[in-house]
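Architecture at a glance
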Amino acid sequence: MAPSLFTNIILTLATLQGPGTRLTYRIRVIEPAAVAPRILASGAVSGPVDTDMRLTLRSDSTEVEALFQITPIGDTVNLGAEFYTRRRVGRSHRGLPIWEEDTYRRVVRLAWSDTARIYPFGGAPVVAPQRGKGVRSTWVELILDREFAGGEARPAEEFDLVDTTRNFRLEAVVRPRRARVVLNLVRGDTVSAPRGVDLIPDEPPRVVQLVLAGRPTTLVVGLTRPQPARTERERALALDVDVICLRVAPPDTPEPIGQVCGRLNNVARQLPLPTGDTLAATFAWPGPR
Amino acid sequence: MTEPRDAGTSGLGHEQWLLQIDAELDGELSLVERAALAKHLMTCAHCAGARASQLEVRVALARSAGNPHAFVVPRPAIRAGTLVLWVVIALGVGLLGGWIAQQRWGGPGAGRSLEETRGTIVVH
């Protein structure tokens, strides 16, 4: 019995972690109403099977941030959620708000076709015999989906905020194994031709040459992981997982000029160089291969 | 108190004379009123008996207050020790009640239990 179960788990994990499997978290944020529940927002996060989902819900008195992770086991899946909650509990004698912070974990097991209902602000679901006794609050419906996607590795996010007065956010969290880094040298209004390199974190650095106004500049660049999480919130929400750092050094000395860190979100980040130029580095997901 | 009556006191009924007796024993009558009362007591055995009865009651009250030789009925007085004791007891009860209320309902975050404020996941 035990070996067959173990084999089954291994085969399932091997199947799910194959290059063609893509995981999707589909969510709907729903608010209870007198007549029918109201959908406040909906969205989806997809990516490789190790993709996590970071969900942020804010109200006037409560902030809930949660990181959802899955572990496939046979035809079922373990859904784990690491919650980081801040609740306003009152005001100090000087009139400043007092917040309490809480970190906790929830795990449920469900089938792939099941719907998980998450009550982020607490309050037990109201069942018929106890109607009127339970606390009804906003909930999030989550459906997990897996499909064949032909080796697509980059995550995707879509989010439709129906009620724009609400403060919700949805993010895919994937630890990048490779990154596409596009480098430019900037001085005043002059910009060098972009130089793109595919880099792997913690691999040996590479030498790149950028030409600005006919003057070549040689740099040694390498990718590293950021420092481990220092606060409870960073650890619970894995804020450092999808961040990479570009370490820049001159070719003749191992002492680095500096480093820039960020997510793979096509946002240019700048690093001033001793030559007076500015290095602009843009992190992006690499193309499929 | 009733007005001093220097004339026409003979027309007073027993009820009024009993009030005059009370006032006299409390030292609240003028000389004229006391004279009228004394004159009435000489002719009214009922009022004289009532006066003696009132005096007996006042003697009993003075005895119970621990001062049988008092000239007037001593007023009840709260002793300093008793007052301090009751103040201390009241403060203690107030502090204890406040502490219990603070534990039960007070302070930031009070109300729902911690577990009730935490998120939950339910599978459908």
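Everything quoted here is computed from the prediction, not taken from an experiment.

1. A short note on helix α3 (residues 45-64) of chain B
- Taking 1.5 Å as the rise per residue, α3(B) with 20 residues should run 28 Å; its terminal C-alpha atoms sit 29 Å apart, in good agreement.
- Counting buried positions over the 20 residues of α3(B) gives one, only a small fraction of the element.

2. Concerning the interface of chain A and chain B
- Each partner contributes residues to the interface: chain A has 26 residues there, and chain B has 11 residues.
- Among the elements of the structure, β4 (62-73), β5 (76-91), β6 (97-111) and β7 (115-119) of chain A are those that each provide at least two residues to the side of chain A that touches chain B.
- No other element matches the seven residues that β6(A) contributes to the side of chain A that touches chain B.
- Considering only residue class, the side of chain A that touches chain B consists of 16 nonpolar, four polar and six charged.
- Across four bridges, β7(A) lies against strand β1 (residues 120-123) of chain B in antiparallel orientation. Residue A116(A) lies in a different strand from β1(B), and its bridge partner there is V123(B).

3. Quick notes on helix α1 (residues 14-25) of chain B
All names here are of chain B.
- The terminal C-alpha atoms of α1 lie 16 Å apart, and with 12 residues this matches the ideal 16 Å at 1.5 Å per residue to within 8%.
- Looking at α1, one finds that the buried residues are W17, Q20 and I21. Looking down the long axis of α1, one finds its buried residues gathered within 105 degrees of arc, a one-sided arrangement.
- Buried residues belonging to α1 abut α2 (31-43) and α3.
- Once α1 ends, the next one or two residues include G27, with phi positive near 75 degrees.

4. Comments concerning the confidence of the model for chain B
Residue and element names in this part refer to chain B.
- Taken as a whole, chain B shows an average pLDDT of 83; of its residues, 86% reach a score of 70 or greater.
- pLDDT under 50 marks residues 1-8. Its contacts with residues more than four places away, or in other chains, come to 12 contacts.
- For this predicted complex, the interface confidence reaches an ipTM of 0.71, while the overall pTM sits at 0.65.

Quick notes on the rules
- Numbering of residues starts from 1 in every chain and runs along the sequence as written.
- For this description, chains carry letters from A and ligands carry numbers from 1, given in the order in which they are written.
- Only residues with pLDDT of at least 70 get local features here, since the model is predicted, and only at 80 or more are side-chain atom pairs given and counted; chain-wide, interface and lining totals rely on the full set of residues.
- The helix count covers DSSP runs of H or I at least four residues long, the strand count covers runs of E at least two residues long, and both are numbered beginning at the N terminus.
- To estimate how far a helix should extend, the number of its residues minus one is multiplied by 1.5 Å.
- Comment: burial labels come from other C-beta atoms within 10 Å of the residue's own C-beta, placed from the backbone, where a count of 20 or more is buried, 12 or fewer is exposed, and between is partly exposed.
- We call two residues in contact if the C-beta atoms placed from their backbones are at most 7 Å apart.
- When residue character is reported, Ala, Val, Leu, Ile, Met, Phe, Trp, Tyr, Cys and Pro are called nonpolar, Asp, Glu, Lys and Arg charged, and the others, Gly included, polar.
- Only strands joined by at least two bridges in the DSSP assignment are considered to pair.
- Throughout, the arc means the angular range of directions from the helix axis out to the C-beta atoms.
- Looking at any residue, its pLDDT shows the predictor's confidence there, from 0 to 100.

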